[in-house]
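Coordinate inspection notes
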Amino acid sequence: MRYIVVPSRLGLVNVIDRATGLPVEAGVTAVLLEPHEARELVRWLLRRAHAEGIRAHAEGSRARAESNDAGECSSRAA
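The following refers to the structure shown. Please read these numbers as outputs of a predicted model, since none were measured by experiment.

Cut-off values and rules
Residues numbered from 1 in each chain as written. Predicted model: local features only at pLDDT ≥ 70, side-chain atom pairs only at ≥ 80, totals over all residues. Heavy atoms only, no water. Helix = DSSP H or I, 4+ residues; strand = E, 2+ residues; numbered from the N terminus. Buried < 20%, exposed > 50% of the residue type's maximum accessible area, 1.4 Å probe, protein only. Contact = heavy atoms within 4.5 Å. Pairing = 2+ DSSP bridges.

1. A word on the overall build of the protein
Regarding its fold elements, the protein presents 1 helix and 3 strands. Counted from the first residue to the last, the protein has its helices and strands arranged as β-β-β-α. Across the 78 residues of the protein, 19% fall into the buried class. In the protein, 19% of the contacts between residues at least 6 apart in sequence involve partners at least 24 apart.

Below you can see the structure in the form of structure tokens.
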């Protein structure tokens, strides 16, 4: 998993990006959270990453299809 929840002080936790070792940069506070807030943040980050992955996959598939279509058109023209 890319994101981890690590204990901090006073019973609070931080959400850390394993890739960088730093608190998550998501436009919201990722340090000194209540444990339930941290779990919700991780869920949101995972949903966002999943949605972006699906969108990137669809865009890549569309670009490949358009490239194949263009190649077929030029083959027929020749």
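More follows now that the structure is in view.
2. Quick look at unusual backbone geometry
Backbone geometry places Leu 10, a non-glycine residue, at a positive phi of 60°. Here Leu 10 lies in the loop between strand S1 (3-7) and strand S2 (13-17). Backbone geometry places Leu 32, a non-glycine residue, at a positive phi of 55°. Along the polypeptide, Leu 32 turns up in the loop between strand S3 (22-23) and helix H1 (35-77). By relative accessible area, Leu 32 is classed as partly exposed at 37%.

3. Details of the sheet that holds S1
Strands sit in the order S1-S2-S3 across an open sheet of 3 strands; the sheet is antiparallel. At either end of the open sheet lies a strand with only one pairing partner, and these are S1 and S3. As paired strands, S2 and S3 are joined by 2 bridges and run antiparallel to one another. Within S3, the residue paired with Ile 16 across the bridge is Pro 23.

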